[in-house]
Amino acid sequence: MHRFISPAPQPVGLDPLDLSVVQDGLIQATHASYGTSTGVFGNFPVTIAGKTGTAEKVIPGLPSGQSDQSEWCGYGPAATGETPELVVCALIENGGHGGDAAAPAALQVFEKFFHQNASSTGPVHSD
């Protein structure tokens, strides 16, 4: 397996406290009972942080006139003290809400990369 190694991140002057608040929110989105992708990532053995998203796309001819685009972006491992190794962003056109298609697709990438499997924890809370 070939891994793409990107250049080291460069400082952008972000306050560490502000960053930790965002990181905590991303972990809650994948692990808290109310998280939008806890049903997908909650039982994955590697802590993943990320967020679902849904964008509406205008599609002429559809009865509703629009279709939902399923989005999910995140990284792992994300536990305190661990260095993230992989960032995944998934966009599934006409895939519904972020937890419907994009989060499960991203999980497959994490499972392959970390050689770990997840079991579903329950329904996905839509965004």
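As shown above, the structure is provided for reference.
Basis of the calculations
Within each chain, residue numbers correspond to sequence positions counted from 1 in written order. Selection of residues for local features in this predicted model requires a pLDDT of at least 70, selection of side-chain atom pairs for listing and counting requires 80 or more, and totals for whole chains, interfaces and linings are taken over all residues. To get the side-chain values, take all heavy atoms of the structure and skip hydrogens and water. Under the scheme used here, helices are H or I runs from DSSP no shorter than 4 residues and strands are E runs no shorter than 2 residues, and both carry numbers assigned from the N terminus. Following DSSP output, two strands are said to pair if at least two bridges run between them. Here, axes are lines fitted to C-alpha atoms. For helices the fit covers the stretch in contact, and angles between N-to-C directions go from 0 to 180 degrees. Stacked, edge-to-face and tilted labels apply to pairs of Phe, Tyr and Trp rings (six-membered ring for Trp) whose centres lie within 6.5 Å, assigned for plane angles under 30 degrees, over 60, and everything in between, in that order. Relative accessibility decides the category of a residue: with a 1.4 Å probe and only protein chains considered, values under 20% of the type maximum give buried, values over 50% give exposed, and everything between is partly exposed. Every residue pair with non-hydrogen atoms within 4.5 Å of one another is taken to be in contact. A patch consists of residues whose relative accessible area exceeds 30% and which take part in no salt bridge; residues with like charges are grouped when within 9 Å of each other, and nonpolar side chains (Val, Leu, Ile, Met, Phe, Trp, Tyr) when within 5 Å. The method behind every accessible area is Shrake-Rupley, applied with a 1.4 Å probe, and residues are considered shielded solely by the protein chains displayed. Salt bridges are defined by distance alone: a side-chain nitrogen of Lys or Arg within 4 Å of a carboxyl oxygen of Asp or Glu. Helix span is expected to be 1.5 Å times the residue number reduced by one.

Caption draft 1: Local environment of unusual backbone geometry. Each neighbour pair has its own omega, and for glycine 76 with proline 77 the value is -5 degrees, a cis peptide bond. Inspection of the secondary structure assignment puts proline 77 in the loop between strand E2 (66-76) and strand E3 (86-92). For asparagine 94, which is not a glycine, the phi torsion comes out positive at approximately 55 degrees. Structurally, asparagine 94 is set in the loop between E3 and helix H3 (102-114). Even without being a glycine, histidine 115 presents a positive backbone phi close to 55 degrees. Residue placement: histidine 115 occurs in the segment after H3.

Caption draft 2: Inspection of the sheet that holds E3 at higher detail. If you walk across this open sheet you meet the three strands as E1-E2-E3, and the pairing is antiparallel. Pairing within the sheet leaves two strands with one partner each, and these edge strands are strand E1 (49-58) and E3. The sheet shows a mean angle of 15 degrees between the axes of neighbouring strands, taken without regard to direction. Note that E1 and E2 share 10 bridges and pair antiparallel. Bridge pairing links alanine 55 to glutamine 69 in E2.

Caption draft 3: Layout of the packing of aromatic side chains. Inspection of every chain in the model, using the stated rule, returns five aromatic pairs. Taking the centre distance of 4.7 Å and the plane angle of 25 degrees together, the rings of phenylalanine 41 and tryptophan 72 count as stacked. Of this pair, phenylalanine 41 sits in helix H2 (residues 38-41) while tryptophan 72 sits in strand E2, and the two are 31 residues apart along the sequence. Of the residues examined, phenylalanine 41 reaches a relative accessible area of 0% and is grouped as buried.

Caption draft 4: Seen up close, the environment of arginine 3. The residue arginine 3 is located in the segment before helix H1 (16-31) in this model. Put simply, arginine 3 and phenylalanine 113 are 110 residues apart on the chain and 9.6 Å apart in space, counted from C-alpha to C-alpha. Here arginine 3 is in contact with Glu85 and Phe113, once residues within four sequence places are set aside.

Caption draft 5: Structural view of a nonpolar patch on the surface. A cluster of nonpolar side chains, contributed by Val12, Leu14 and Leu19, occupies part of the molecular surface with about 300 Å² of accessible area. With respect to the secondary-structure elements, valine 12 resides in the segment before H1. On the basis of relative accessibility, which here comes to 74%, the residue valine 12 falls in the exposed class.

Caption draft 6: How the structure looks around H3. Across its 13 residues, H3 extends 18 Å between first and last C-alpha, which sits within 8% of the 18 Å expected from 1.5 Å per residue. The secondary structure elements touched by the buried residues of H3 are H2, E2 and E3. Positive backbone phi, approximately 55 degrees, marks histidine 115, located one or two places after H3.

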